[in-house]
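# Chain and residue survey
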Amino acid sequence: MRQVIEQKIGDVNGDRVPDLVYLVGEQLPGTPFIQHITLAIQDGRTGVTQSYPLPSNSGYHPTIQLVDFTGNGVNDILIIIVSGGSGAITYSYVYSYLNDQLQLMFDYEAYNASHLYSVNYMDFFKVSAVSLNPQSTYILDITYKGEAYLSEIYDSNGKLKAPIQGDVNPLSGLYPIDFERDGQYELMALQRITGRYNADGLGYFMNALKWSGSRFVPYQQWVWITGTG
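Before going into details, it helps to say that this report is about the structure given with it.

The rules behind these values
- Residues numbered from 1 in each chain as written.
- Predicted model: local features only at pLDDT ≥ 70, side-chain atom pairs only at ≥ 80, totals over all residues.
- Heavy atoms only, no water.
- Buried < 20%, exposed > 50% of the residue type's maximum accessible area, 1.4 Å probe, protein only.
- Helix = DSSP H or I, 4+ residues; strand = E, 2+ residues; numbered from the N terminus.
- Pairing = 2+ DSSP bridges.
- Core = buried A, V, L, I, M, F, W, Y, C linked by side-chain atoms within 4.5 Å.
- Contact = heavy atoms within 4.5 Å.
- 1 Å grid on protein atoms, 1.4 Å probe; cavity = no way out; pocket = protein on both sides within 12 Å on 5 of 7 lines; lining within 4 Å.
- Points joined across faces, edges and corners; volume = space filled by probe spheres on them.
- Nonpolar A, V, L, I, M, F, W, Y, C, P; charged D, E, K, R; others polar.
- Axes fitted to C-alpha atoms, helices over the stretch in contact; angles between N-to-C directions.

## Side note on the pairing of strand β10 (residues 126–132)
A large share of β10 lies buried, amounting to five of its seven residues. With six bridges connecting them, strand β9 (residues 117–122) and β10 associate as antiparallel partners. The partner of Asn-120 across the bridge, within β10, is Ser-128. The hairpin turn running from β9 into β10, its antiparallel successor, is three residues long, and Phe-124 in that turn takes a positive phi close to 65°. The pairing of β10 with strand β11 (residues 135–141) spans seven bridges and is antiparallel. Each residue of the ladder has a partner; that of Lys-126, found in β11, is Asp-141. Here β10 folds back onto β11, and the loop between the two strands holds two residues.

## Regarding the nonpolar core
The biggest cluster of nonpolar side chains holds 50 residues, and the ones touching the most others in it are Leu-39, Ile-77, Phe-106, Tyr-121 and Phe-216. Counting residues per element, this core draws most heavily on strand β6 (residues 76–82), which supplies five residues. Here Leu-39 is in contact with Val-21, Tyr-22, Leu-23, Gln-50, Ser-51, Tyr-52, Leu-54, Ile-77, Ile-79, Tyr-95 and Leu-102, once residues within four sequence places are set aside.

## Some words on the layout of surface pockets
Roughly 220 Å³ of volume is contained in the largest pocket. Lining the largest pocket are 13 residues, with Ala-110, Tyr-111, Ser-114, Arg-215 and Phe-216 positioned closest to its centre. Secondary-structure elements contributing two or more residues to the lining of the largest pocket are β8 (103–107), α1 (108–114) and β15 (216–225). Of the residues belonging to the lining of the largest pocket, the class tally is eight nonpolar, three polar and two charged.

## A look at the sheet that holds strand β5 (residues 60–67)
Across the sheet, four strands lie side by side as β5-β6-β7-β8; this open sheet has antiparallel pairing. The strands lining the two open edges of the sheet, one partner per strand, are β5 and β8. If you compare each strand with its neighbour and ignore which way they point, the axes differ by 20° on average. Strand direction decides the pairing type here: β6 and strand β7 (residues 90–96), joined by six bridges, are antiparallel. Within β7, the residue paired with Ile-79 across the bridge is Tyr-93.

The analysis is restricted to geometry; functional conclusions fall outside its scope.
Below, the structure written as structure tokens:
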């Protein structure tokens, strides 16, 4: 049975009248899993409702946030759905509904395809994490992982026993932040860095994305080290 899962109120079409923006879906009995998730927008002035199926429309804990990413004073629509996989991957979209026209501003699949990385273990308890977009290289010190972990992959001289490659998961977190406190929000995108296997977390790539007028582009990047084994 279809039901309203999440809703927010705010002007999204630019007529300065608050609209009702909500997600509907079907929750499977006895589970938090929701399928057939659809975006619906009820015009606050006319009462007319339009519905828009989402490209990836199944998962857990779907949420809506109404935030101005363009600086035009009109709310955009941020939708996040948790995939439920082991990597805590999210399905994330940003839509504009200016003048009652739905336009996709951010798509998690396009983001994942354009943000590629390489992760390689180095001698002396270091890991190289390389971002291709933007181009940056970070050297992670993994001595915090402890003796048991390190002794499995390094010899007594700190040399790698064999080459090891890590990985970077697809988008696992997307958060609106007004870095410049000017009312125009940016996006903070998180991707988990993993070591020998997916549960072996090393940290996160954190990309700050700003609307350029046609797309979100990275303008700052950090690496956050988890600091736990």
